[in-house]
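Reading the structure
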Amino acid sequence: MEMIEIHIESDIVRARQAARSLAESLGFSILSKTRVATAVSELARNTFTYGGGGSMKLEKISDRTRVGVHCIFVDKGPGIEDIVKAMTPGYTTGKGLGFGLSGSKRLMDDFKIESEVGNGTRIEVIKWK
Amino acid sequence: MIEKCSTLEATESSELLKSLAMNQIPMPFVVVDKASKITYMNPAACKWARKDLKEAIGVMCFSLFPSPDCTLEGRPVSEAMKYDRTVIKQIRVQRGNEMVQTDFTAAPLKDDKGKVIGGLEFVVDITDRLDAESRAQQLRMEILELSTPVLSLWDSILCIPLIGTLDSKRTQDVMEKALVRLAEEKARVIVIDITGVPVIDTMVANHLIRMSSAVKLMGGDCILTGISPATAKTIVHLGINLSSISTCASLSQGLEKGMKIVNKERGTQ
Ligand SMILES: Nc1ncnc2c1ncn2[C@@H]1O[C@H](COP(=O)(O)OP(=O)(O)OP(=O)(O)O)[C@@H](O)[C@H]1O
Ligand SMILES: [Mg+2]
């Protein structure tokens, strides 16, 4: 288990490098590694930009038949008012393209988002090998 | 008997050790009473203040270690004694004619019953550390500059080989630089090669799209090269539409395309 604090922009790079090397050590394909690194980059950037910073917990996960990469992003920021809207491709309250959340959901196998206005956001994702 | 002797020796040498250490701590160390009058300072502090210990005793500490960065009550040692806690501040302290950047630490001095009877002050000169930090910052800027070159590859064709991780500042910098060069050199085509970029996320894609529309507005064309199959698939999965930018698999193909554009226009002129 690895905790990565996300408080400055270069932490985003650290987070995605850590996730990529975990995926690498589990024998992920190039495509799967790229997907993991990209999704982590998106979620870590949201944590940094909108969540006012937070952390990523990175862990290997396994069940009887498979192994995977498991990441949990937590911030104590303003939270997301309308999750359905935020998950809509092209929706942004900033200057982005608005593809980060919907895109990382598609890039990963499991995607769980919880958010409470005024209390922060928690996003949990898994990519199986 | 023997035991007693050895303990005596141990106490003696540890007293000696204490005084040797106290006299040789290289950073200034000052003890004050509750009114901030100096009751002791080590040789390093005497050297800093250019005073003998005898001259210094009884003097207000802020007159020997004046700082433009704090008021009388706002001095670290006043705060330390008032709130009974260690206070560390980065302040400037005068030494002779110069202002020295310091980490100024103050702590309450307590008697054996825990009552605050004065204060302790440590001054660490951090000029060198700050210099090193600013040099490192400078170096980072220079590397940043170096690592995003805009090359004139051919008549009217510029090339930007992007390498490494792109944070928002670096991406912005190189895009701006490229647009300036495009205008200056009246170039027609910019080839952006991303072979060396490990991750194209929405932020980088966003910059590429904006760059491409800016180049179009200036009457030019943007060609994106070096997208690996994994990156291409991932971009599609993210949902990003890069179809407004023309792409080529390799840098050489991109150059070829750029030269065709340039030659075709020359031919029709
Ligand atoms: N951790 C968070 N805390 C608060 N709001 C968030 C958080 N993550 C996302 N959001 C909100 O959800 C919106 C959509 O996020 P998404 O990542 O999809 O797009 P974006 O970050 O705006 O742009 P892009 O990711 O394409 O650069 C954001 O604009 C923001 O309002
Ligand atoms: Mg985003």
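In the block above lies the structure referred to throughout.
Description of the structure in this document. (Residues numbered from 1 in each chain as written. Chains lettered and ligands numbered in written order. Predicted model: local features only at pLDDT ≥ 70, side-chain atom pairs only at ≥ 80, totals over all residues. Heavy atoms only, no water.)

With respect to the environment of Glu55(B)
Mapped onto the elements, Glu55(B) comes out in helix H3 (residues 53-56). A polar contact of 2.8 Å, which involves the side chain of Glu55(B), links it to the backbone nitrogen of Asp52(B). (Helix = DSSP H or I, 4+ residues; strand = E, 2+ residues; numbered from the N terminus. Polar contact = N/O pair within 3.5 Å; in protein donor to acceptor, adjacent residues only side chain to side chain.)

With respect to the environment of Thr127(B)
All names here are of chain B. Looking at the element boundaries, Thr 127 is found in helix H6 (residues 127-147). Expressed as a C-alpha distance, the spacing of Thr 127 and Asp 103, which sit 24 residues apart in the sequence, is 9.7 Å. Setting aside its immediate chain neighbours within four residues, Thr 127 contacts Val 100 and Gln 101. Here the side chain of Thr 127 touches Asp 125 through a polar contact of 2.5 Å, side chain to side chain. (Contact = heavy atoms within 4.5 Å.)

Quick look at empty space enclosed by the protein
As enumerated under the stated definition, the model contains two cavities of 30 Å³ or more in all. Estimated volume of the largest cavity: approximately 40 Å³. If you trace the largest cavity, you find it lined by Arg16(A), Arg45(A), Gly164(B), Thr165(B), Leu166(B), Val197(B), Val199(B), Asp201(B), Met203(B) and Val204(B). Of the residues belonging to the lining of the largest cavity, the class tally is five nonpolar, two polar and three charged. Here the second largest cavity defines a volume of roughly 40 Å³. In this structure, the second largest cavity is lined by Glu9(A), Ile12(A), Val13(A), Arg16(A), Arg45(A), Leu166(B) and Asp167(B). With four residues, the top contributor of residues to the lining of the second largest cavity is helix H1 (residues 9-25) of chain A. A per-class count over the lining of the second largest cavity returns three nonpolar, no polar and four charged. (1 Å grid on protein atoms, 1.4 Å probe; cavity = no way out; pocket = protein on both sides within 12 Å on 5 of 7 lines; lining within 4 Å. Points joined across faces, edges and corners; volume = space filled by probe spheres on them. Nonpolar A, V, L, I, M, F, W, Y, C, P; charged D, E, K, R; others polar.)

Section: helix H7 (residues 168-184) of chain B
Residue and element names in this part refer to chain B. Along its 17 residues, H7 runs 24 Å from first to last C-alpha, staying within 8% of the 24 Å computed at 1.5 Å per residue. All of the buried residues along H7 are Arg 170, Thr 171, Val 174, Met 175, Ala 178, Arg 181 and Leu 182. Projection of H7 onto a plane perpendicular to its axis shows the buried side chains occupying an angular sector of 130 degrees, all on one side. Of the residues flanking the end of H7, it is Lys 186, one or two places downstream, whose phi is positive at about 45 degrees. (Expected span 1.5 Å × (residues − 1). Buried < 20%, exposed > 50% of the residue type's maximum accessible area, 1.4 Å probe, protein only. Arc of directions from axis to C-beta.)

Considering the nonpolar core
Counting 59 residues, the largest nonpolar core has Met56(A), Val69(A), Phe73(A), Ile160(B), Ile190(B), Ile192(B) and Met211(B) as its most contacted members. Of the residues forming this core, the biggest block, seven residues, is contributed by helix H8 (residues 202-217) of chain B. Residues Val77(B), Val87(B), Ile91(B) and Val93(B) belong to the second largest nonpolar core, which totals 24 residues. (Core = buried A, V, L, I, M, F, W, Y, C linked by side-chain atoms within 4.5 Å.)

Thoughts on the interface of chain A and chain B
On the chain B side, the residues contacting the 23 residues of chain A number 23 residues. Both sides together, the interface formed by chain A and chain B hides about 1,800 Å², and carbon and sulfur atoms give 58% of it. Three residues, Arg16(A), Leu97(A) and Phe99(A), lead the burial of chain A against chain B; their summed loss comes to 26% of the area buried on that side. The closest approach of N and O atoms between Asp201(B) and Arg16(A), which form a salt bridge, is 4.0 Å. Counting the contacts that link chain A with chain B gives seven residue pairs in polar contact (both at pLDDT 80 or more). Take the side of chain A that touches chain B: its biggest share by element is nine residues, from helix H2 (residues 30-49) of chain A. For the side of chain A that touches chain B, the residue count by class is seven nonpolar, eight polar and eight charged. (Buried area = accessible area lost by both parts, 1.4 Å probe. Salt bridge = Lys/Arg side-chain N within 4 Å of Asp/Glu carboxyl O.)

Focus on the packing of H2(A) against helix H9 (residues 229-238) of chain B
H9(B) packs onto H2(A) with a crossing angle of 45 degrees between their chain directions and a minimal axis gap of 9 Å. In terms of axis orientation, H2(A) runs oblique to H9(B). In terms of crossing hand, the pair formed by H2(A) and H9(B) is right-handed. Residue-level inspection shows Ile30(A), Leu31(A), Thr34(A), Arg35(A), Thr38(A) and Glu42(A) of H2(A) in contact with H9(B), the latter providing Ala230(B), Thr231(B), Lys233(B), Thr234(B), His237(B) and Leu238(B). Looking at the contact of H2(A) with H9(B), its residues break down into four nonpolar, five polar and three charged. (Axes fitted to C-alpha atoms, helices over the stretch in contact; angles between N-to-C directions. Parallel < 35°, antiparallel > 145°, perpendicular 65-115°, else oblique. Left-handed = near helix turned anticlockwise from the far one by under 90°.)

Considerations on the site of ligand 1
Residue and element names in this part refer to chain A. Contacts to ligand 1 come from 20 residues, most closely from Asn 46, Tyr 50, Thr 92, Thr 93 and Gly 98. Here an oxygen atom of ligand 1 and a backbone polar atom of Gly 98 are 2.7 Å apart. Notes on ligand 1: free accessible area 600 Å², of which the protein chains cover 94%. Looking at the shell around ligand 1, the elements that each hand over two or more residues are H2 and helix H4 (100-107). Across the shell around ligand 1, the residue classes break down as seven nonpolar, eleven polar and two charged. (Near = heavy atom within 4 Å. Areas by Shrake-Rupley, 256 points an atom, 1.4 Å probe, with all protein chains shown as cover.)

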